[in-house]
Amino acid sequence: MKNEEFVESPSADEAQGGSHIVDGVVSLDRAAQLQRGLKSRHIQFLALGGAIGTGLFVGSGQILALVGPVPLWLGYLSMMLVVWIIMNVIAEMTTYLPMKGITLPYFTDRFVDKSLAFASGWNYWYAYAILVAAEATAGGILLDYWETPVPSAVWITLILLVCLALNIIAVEVFGEAEFWFASIKLITIIGLVITGIIIMAGGAPEGGATGFKYWNDPGAFKEYVGTGATGRFTAYWTAFVRAGFSFITSPELIGLAAGETVAPRRNIPKAARRFLARLALFYGISSLIIGAIVPSDDKRLLSPESNANASPWVIGIQRAGIGGLNHVINAAILTSAWSAGNAFLYSGSRILYSMAATGQAPAIFTKTTKRGVPYAAVLATWSVGLLAYLNVSQNGARVFGWFMNISTISGFIAWIVVMITYLRFRSAMEHQGLMDTLPFRTIGQPYATWGILVIVSLLTLTNGFQVFVPSRWNYQDFLAAYITIPIFLILYIGHKLWFRTPLAKKAHEIDVLTGKKEMDEFCANDHPPVAKNWLQKIWFWLA
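Residues numbered from 1 in each chain as written. Predicted model: local features only at pLDDT ≥ 70, side-chain atom pairs only at ≥ 80, totals over all residues. Heavy atoms only, no water.

**Focus on the overall build of the chain**
- Each helix and strand counted, the chain has 22 helices and two strands in total.
- In the chain, buried positions account for 58% of the 543 residues.
- Restricting to contacts in the chain with at least 6 residues of sequence separation, those with at least 24 account for 80%.
- When the accessible surface of the chain is totalled, it reaches about 22,000 Å², and 65% of it is carbon and sulfur. (Helix = DSSP H or I, 4+ residues; strand = E, 2+ residues; numbered from the N terminus. Buried < 20%, exposed > 50% of the residue type's maximum accessible area, 1.4 Å probe, protein only. Contact = heavy atoms within 4.5 Å. Areas by Shrake-Rupley, 256 points an atom, 1.4 Å probe, with all protein chains shown as cover.)

**With respect to the side chain of Thr514**
- With respect to the helices and strands, Thr514 occurs in the loop between helix H20 (484-499) and helix H21 (516-524).
- The buried category is assigned to Thr514, whose relative accessible area is 1%.
- A polar side-chain atom of Thr514 sits 2.6 Å from a polar atom in the side chain of Asp511. (Polar contact = N/O pair within 3.5 Å; in protein donor to acceptor, adjacent residues only side chain to side chain.)

**Regarding the environment of Ile194**
- The topology assignment puts Ile194 in helix H9 (residues 171-201).
- Each C-alpha atom of the pair Ile194 and Ile289 lies 9.8 Å from the other, and the pair is 95 residues apart in sequence.

**Some thoughts on unusual backbone geometry**
- With omega at 20°, the peptide bond leading from Asp217 into Pro218 counts as cis.
- Within the secondary structure, Pro218 sits in the loop between H9 and helix H10 (228-243).
- Residue Pro446 is bonded to the preceding Gln445 through a cis peptide linkage, with omega at 0°.
- Tracing the chain through its elements places Pro446 in the loop between helix H17 (396-431) and helix H18 (447-462).

**With respect to the nonpolar core**
- Grouped together as the largest cluster of nonpolar side chains are 155 residues, with contacts concentrated most on Met79 and Trp415.
- For this core, the element with the highest residue contribution is H17, accounting for 20 residues.
- Look past the residues within four positions of Trp415 in its chain and what remains in contact with it is Met79, Val82, Val83, Ile86, Phe247, Ile248, Pro251 and Glu252. (Core = buried A, V, L, I, M, F, W, Y, C linked by side-chain atoms within 4.5 Å.)

**A look at the pattern of salt bridges**
- Inspection of the entire model under this criterion finds six salt bridges.
- Where Lys496 meets Asp113, a salt bridge forms, and the shortest distance between an N and an O atom there is 3.2 Å. With Lys496 in helix H20 and Asp113 in the loop between helix H6 (104-111) and helix H7 (114-143), the pair connects residues that are 383 residues apart, well separated along the chain. The same class applies to Lys496 and to Asp113, which are both buried.
- We note a salt bridge from Glu430 to Arg426, for which the minimum N-O separation is 3.4 Å. Note that Glu430 and Arg426 are positioned in helix H17 at a spacing of four residues, about one turn of the helix.
- For Arg426, a relative accessible area of 8% corresponds to the buried category. (Salt bridge = Lys/Arg side-chain N within 4 Å of Asp/Glu carboxyl O.)

**Topic: helix H5 (residues 69-96)**
- With 28 residues, H5 should reach 40 Å at 1.5 Å per residue; the first-to-last C-alpha distance of 41 Å fits that figure.
- The element H5 is largely enclosed, with a buried count of 24 among its 28 residues. (Expected span 1.5 Å × (residues − 1).)

**Some thoughts on empty space enclosed by the protein**
- Across all of its chains, the model carries three cavities of 30 Å³ or more by this definition.
- Empty space within the largest cavity amounts to approximately 50 Å³.
- If you trace the largest cavity, you find it lined by Thr238, Val241, Arg242, Asn405, Asn463, Phe465 and Gln466.
- Take the lining of the largest cavity: its biggest share by element is three residues, from H10.
- Taken together, the residues that form the lining of the largest cavity break down as two nonpolar, four polar and one charged. (1 Å grid on protein atoms, 1.4 Å probe; cavity = no way out; pocket = protein on both sides within 12 Å on 5 of 7 lines; lining within 4 Å. Points joined across faces, edges and corners; volume = space filled by probe spheres on them. Nonpolar A, V, L, I, M, F, W, Y, C, P; charged D, E, K, R; others polar.)

**What about the environment of Ala337?**
- Within the fold, Ala337 resides in helix H14 (residues 325-357).
- Between the C-alpha atom of Ala337 and that of Ile159, which follows or precedes it by 178 residues, the distance is 9.4 Å.
- Setting aside its immediate chain neighbours within four residues, Ala337 contacts Thr54, Glu135, Ala138, Gly139 and Leu142.

**Things to note about helix H13 (residues 312-319)**
- The buried fraction of H13 is high, at six of eight residues.
- Considered for burial, the residues of H13 that qualify are Pro312, Trp313, Val314, Ile315, Gly316 and Ile317.
- Once H13 ends, the next one or two residues include Gly321, with phi positive near 75°.

**Details of a nonpolar patch on the surface**
- There is a patch of nonpolar side chains on the surface, built from Phe468, Trp473, Tyr475, Leu479, Ile483 and Ile487 and spanning about 600 Å² of accessible area.
- Position of Phe468 among the secondary structure elements: in the loop between H18 and helix H19 (475-482). (Patch = residues over 30% accessible without salt bridge, like charges linked within 9 Å, V, L, I, M, F, W, Y side chains within 5 Å.)

**Section: the side chain of Thr442**
- Position of Thr442 among the secondary structure elements: in the loop between H17 and H18.
- Not counting the four nearest positions on each side in its chain, Thr442 is found in contact with Asn88 and Glu92.

**Some points on the confidence of the model for the chain**
- In the predicted model, the chain carries a mean pLDDT of 79, and 81% of its residues have values of at least 70.
- Between the elements of the chain, mean pLDDT differs from a low of 39, seen in helix H1 (residues 12-15), to a high of 94, seen in H18.
- Across residues 1-18, confidence stays below pLDDT 50; counting only partners more than four residues off in sequence or on other chains, it has 31 contacts. (pLDDT = per-residue confidence, 0-100.)

**Comments concerning the packing of H5 against helix H12 (residues 264-293)**
- Between H5 and H12, the shortest axis-to-axis distance is 9 Å and the interhelical angle comes to 175°. Taken together, H5 and H12 sit at an angle that is classed as roughly antiparallel.
- Residue composition of the contact of H5 with H12, by class: 21 nonpolar, six polar and one charged. (Axes fitted to C-alpha atoms, helices over the stretch in contact; angles between N-to-C directions. Parallel < 35°, antiparallel > 145°, perpendicular 65-115°, else oblique.)

What follows is the structure, encoded as structure tokens:
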């Protein structure tokens with residue numbers, strides 16, 4: 001069946017073979033589909049590069065100081081499983097309908113409900129905007145490592161102004177800058193993993209082999225909100241929640257890029273299948289090494305009680321006595337924070353522009369420069385980043401912690417909406433007898449999604465559990481942990497009451513066919529490259 005709600009009336013130009021726009025958002029025009037430029041390596045680079053950033057380089061130190069090395073490691077391993085399942089469900093939907101211009105709120109509108117899509121779109125923008133502030137704060141913390149006489153406010157201003165310039169003035173430079181920033185990020189983490197293994201094995205100038213001695217002294221666990229088994233479990237749960245910051249908006253990059261990808265039904269599944277292994281390589285091993293080269297009681301680790309200004313990687317290198325490398329690594333991590341803030345500003349402004357273009361945000365945000373830059377949306381998103389100046393009157397680590405909590409919970413809510421969208425999509429496919437037409441199916445569905453939906457919901461509701469302990473009550477931490485939930489509910493319920501939308505579309509009403517025929521025809525022309533020699537075989541396997 002084809003639900004006409006999603007198809008605009010064709011204009012004269014369209015009747016003559018011009019552009020065909022679905023719901024005013026995505027393009028089915030064959031000429032537009034041929035303009036795709038992202039190849040397999042770009043997609044895999046986007047997904048992986050988006051998952052490696054300030055959370056791993058800086059936030060991991062805060063988790064280590066709070067709960068110890070084992071909860072840090074287990075928290076990252078657990079979050080990797082969550083992210084893998086979310087990546088899978090996004091890949092299934094976007095591989096089925098890899099139309100140009102798709103966004104995840106578009107799928108929510110199409111498969112679930114307009115009100116939920118409205119709230120989801122604003123939630124994404126809010127998350128991206130807060131992440132700009134988080135990255136500027138992290139940049140200020142990293143720059144303070146060199147103990148310059150320059151105030152933090154000056155560094156934050158410099159970081160924010162460069163991000164603004166790259167997003168408004170030099171749009172052509174933006175993509176190239178992000179490529180090189182991401183390259184530095186990947187090279188840095190590979191180098192850090194190798195360096196960490198060398199330190200653990202005793203190859204550093206000082207300290208001999210560290211191995212896992214810090215698991216014995218000061219200990220593998222730092223009990224948190226309780227003692228014994230309770231304290232160890234709450235330490236793990238806290239690490240699980242906070243590890244989410246490292247992955248927020250990372251799986252969504254696959255969805256956003258699907259409409260710009262060459263051979264999407266070959267390359268999107270390929271990226272999704274390899275995502276878990278690459279996360280294990282970087283996050284699984286990295287979080288294990290961090291807890292092995294830095295003791296959890298090191299005073300230089302980021303914590304609300306200290307004014308520390310170093311990444312755990314830099315601290316580990318300093319402790320090992322490797323001269324000069326600490327400055328190189330700190331500089332590389334700084335570029336990562338700068339890059340992430342730049343990318344989040346870009347993503348947030350495009351989300352806001354897209355919502356304005358479809359009537360879900362004020363029309364002023366559709367205004368663009370002569371070069372097509374949505375400057376009003378960029379300025380609105382950037383202005384939220386000014387919250388980074390809280391770092392001037394507060395401890396930098398505490399402010400960074402607030403932003404971590406706010407953006408993490410916003411990301412969790414976004415993932416809950418993604419999973420609900422997928423379950424409704426799958427329900428419609430089953431009801432209409434179309435499951436056999438799915439080009440890509442992942443393991444354990446829909447049970448895996450139901451399980452992860454429950455887990456992420458629990459993480460969202462309990463992320464600030466420690467503030468309810470009388471001795472730990474702090475209204476600032478409470479707001480950082482929970483303010484996002486009522487904001488989302490107000491957006492959702494307010495839209496639903498104003499527009500009187502139904503709770504959700506019934507399975508037989510959900511349109512899963514519009515665009516399917518065009519995508520089938522487009523993807524039928526894909527012919528996988530044939531390797532001519534063993535070098536090409538290796539390259540095609542890697543990328």
